[in-house]
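# Chain and residue survey
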Amino acid sequence: MTRAISGATIVAGVAGSPVAHSLSPLIHNAWIAAAGLDAVYVPFAPPRDAFVSFARGLVGGAIRGLNVTTPFKQDALQVATRASERALRAGAANLLVFGEGAVVFADNTDGEGLLAALAARAPRFEAAAAPATILGAGGAARGAAAALKEAGAPEIRIVNRTASRATELADLIGAPARAMDAGVAAFEAVQLVVNATTLGLGGGTGPAAAFAAMRPGAVALDMVYRPLRTEFLAAAARTGLVTVDGLAMLIAQAAPSFEALFGAPPPPIDVRALCLRALGESVEDPA
Ligand SMILES: NC(=O)c1ccc[n+]([C@@H]2O[C@H](COP(=O)([O-])OP(=O)(O)OC[C@H]3O[C@@H](n4cnc5c(N)ncnc54)[C@H](OP(=O)(O)O)[C@@H]3O)[C@@H](O)[C@H]2O)c1
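As the structure is a prediction and not an experimental result, all values here were calculated from the model.

## Some remarks on the sheet that holds strand β6 (residues 104-107)
- With mixed pairing, six strands are arranged side by side in an open sheet as β2-β1-β3-β5-β6-β4. Strands at the two margins of the open sheet, each flanked by one partner only, are β2 (39-44) and β4 (82-83).
- The sheet contact formed by strand β3 (residues 65-68) and strand β5 (residues 95-98) spans three bridges and is antiparallel. Paired with Gly65 across the strands is Val97, a residue of β5.
- Sheet strands touched by helix α1 (residues 24-35): β1 (10-15), β2 and β3. Its angle to β2, the strand with the most contacts, is close to 175°.
- Its contacts with the sheet place helix α9 (residues 246-262) against β1, β2, β3 and β5, and it is angled at close to 10° to β5.

Right under this line is the structure:
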């Protein structure tokens, strides 16, 4: 996949802290190569307290755009001069596109990625059928909550370590979202639980969840994809839940980002297989 960098090479990337775990460069560079674009997609790790000044330094066309990951998605909106409805609804952006002059457009493709991953890997899931529980209240949880509301979820329960952030997110989303503590009640009659915390990233224990209290046939989706077989998904599978791994969502949120950055949909290559290899996974459907 080595290719020459020219004076006209378009630069885009992903900013996060940490960012070294991110598979976004692998995905986007594979699409760039398959599409024959003169472009490159690179990782950036700005200091945790300096994302806004880092991103403002890129305004004016230094690069085409940036995907934004943990913990910068809320900061990303501050840099924008325009934002999509869905980014404003979520109060968070995972994509900044630097336009002419000082224009910076913010979007949020996480919710679209979440719903697309569910449609592909849990096809019986219907957002409007029953409540959903989101674990976490950071940037990714915001995109998920906004998308589930838009898709008609009758109730969205938000559980977070810092209770005030759960309340803040529930207030932003409005009914039917509500903040709850992590007890069994947050999982009763629920058809979907989403891990939108960083717990489990790099291995180790995921967030606690009362899977057994959920509806039969309910779905657990883990946004963490490194490792792919998280403890959260393994525990959900042992309780009989349908599981959806974070890679499905990662690829589904990357596709609209690629189109916004490079002006064409990604070419139809199997980036999931590439990612599985990069994760050291040999089987197709690990979750
Ligand atoms: N697969 C995908 O497509 C995809 C897309 C987006 C995000 N993600 C992943 O989703 C995760 C969250 O991303 P983000 O952008 O929302 O990050 P973020 O804004 O930094 O939010 C982090 C969340 O994790 C919680 N948390 C962190 N450490 C915790 C701990 N020790 N115990 C309990 N909760 C803890 C935080 O709770 P507090 O509020 O209490 O700090 C907060 O809710 C990351 O792993 C990211 O890589 C994946």
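## Observations regarding the nonpolar core
- With 33 residues, the main nonpolar core has Leu114, Leu148, Leu192, Leu221 and Met223 as its most contacted residues.
- Elements that contribute at least two residues to this core include exactly α5 (110-121), β7 (132-135), α6 (139-150), β8 (156-159), α7 (163-173), β10 (192-195), β11 (219-222) and α9.
- When near neighbours in sequence (up to four residues on either side) are disregarded, Leu114 contacts Ala144, Leu148, Val194, Leu221, Met223 and Met249.
- If you look at the next biggest cluster of nonpolar residues, it comprises 25 residues, including Val97, Tyr225, Leu228 and Ala254.

## Let's talk about the site of the ligand
- Around the ligand, the structure places 25 residues, and the nearest of them are Thr70, Ala140, Asn160, Thr162 and Arg165.
- Within the backbone of Gly246, a nitrogen or oxygen atom sits 3.0 Å from a nitrogen atom of the ligand.
- Alone, the ligand offers 930 Å² of accessible surface; in the complex the protein occludes 86% of this.
- Here the shell around the ligand gets four residues from one element, more than from any other, and that element is α9.
- A class-by-class count of the residues in the shell around the ligand yields ten nonpolar, eleven polar and four charged.
- Mapped onto the domain boundaries, the shell around the ligand takes at least three residues apiece from domain 1 (10-108 + 250-278) and domain 2 (111-244).

## Some remarks on the packing of α6 against α7
- Two numbers describe how α6 lies on α7: the axes approach to 10 Å, and their chain directions differ by 35°. Note on packing geometry: the crossing formed by α6 with α7 is right-handed. Between α6 and α7, the contacting residues are Ala141, Arg142, Ala145, Ala146 and Lys149 on the first element and Glu168, Leu169, Leu172 and Ile173 on the second.
- Its residues assigned to classes, the contact of α6 with α7 shows six nonpolar, no polar and three charged.

## Details of the sheet that holds β7
- Strand order across the open sheet formed by six strands is β9-β8-β7-β10-β11-β12, with parallel pairing between neighbours. The sheet terminates laterally at β9 (177-179) and β12 (242-244), the two strands that pair on one side only. Averaged over all adjacent pairs, the angle separating strand axes in this sheet is 20°, with direction ignored.
- Strand direction decides the pairing type here: β10 and β11, joined by four bridges, are parallel. Of the residues in β11, the one forming a bridge with Asn195 is Asp222.
- Packed on one face of the sheet, α7 meets β8 and β9 and runs near 165° to β9.

## Observations concerning the environment of Gly204
- Residue position: Gly204 is located in the loop between β10 and β11.
- We classify Gly204 as partly exposed; its relative accessible area is 37%.
- For the pair formed by Gly204 and Arg82, sequence separation is 122 residues and the distance between their alpha carbons is 39 Å.

## Description of the pattern of salt bridges
- Taken as a whole and assessed by the stated rule, the structure comprises ten salt bridges.
- Measuring nitrogen to oxygen at the nearest pair gives 3.9 Å for the salt bridge that ties Arg89 to Glu85. Highlighted residues: Arg89 and Glu85, both in helix α4 (residues 85-90), separated by four residues, approximately one helical turn.
- Taking relative accessible area as the criterion, Glu85 reaches 55% and is therefore assigned exposed.
- A salt bridge links Glu168 to Arg142; the nearest nitrogen and oxygen atoms lie 3.0 Å apart. Linking Glu168 in helix α7 with Arg142 in helix α6, this pair joins segments that are 26 residues apart in sequence.
- Look at the salt bridges and you will find they share partners, linking Glu85, Arg89 and Glu150 into a network.

## Comments concerning α9
- Compared with the 24 Å implied by 1.5 Å per residue over 17 residues, the 24 Å span of α9 between its first and last C-alpha is a close match.
- Most of α9 is tucked away: 14 of the 17 residues are buried.
- Regarding α9, its N-cap is Asp245, as a side-chain oxygen of that residue lies 3.0 Å from the backbone nitrogen of Leu247 further along.
- Remark: Gly263 follows α9 within two positions and exhibits a positive phi of approximately 80°.

Conventions and cut-offs
Residues numbered from 1 in each chain as written. Predicted model: local features only at pLDDT ≥ 70, side-chain atom pairs only at ≥ 80, totals over all residues. Heavy atoms only, no water. Pairing = 2+ DSSP bridges. Helix = DSSP H or I, 4+ residues; strand = E, 2+ residues; numbered from the N terminus. Contact = heavy atoms within 4.5 Å. Axes fitted to C-alpha atoms, helices over the stretch in contact; angles between N-to-C directions. Core = buried A, V, L, I, M, F, W, Y, C linked by side-chain atoms within 4.5 Å. Buried < 20%, exposed > 50% of the residue type's maximum accessible area, 1.4 Å probe, protein only. Near = heavy atom within 4 Å. Polar contact = N/O pair within 3.5 Å; in protein donor to acceptor, adjacent residues only side chain to side chain. Areas by Shrake-Rupley, 256 points an atom, 1.4 Å probe, with all protein chains shown as cover. Nonpolar A, V, L, I, M, F, W, Y, C, P; charged D, E, K, R; others polar. Domains from an automatic or database assignment. Left-handed = near helix turned anticlockwise from the far one by under 90°. Salt bridge = Lys/Arg side-chain N within 4 Å of Asp/Glu carboxyl O. Expected span 1.5 Å × (residues − 1).

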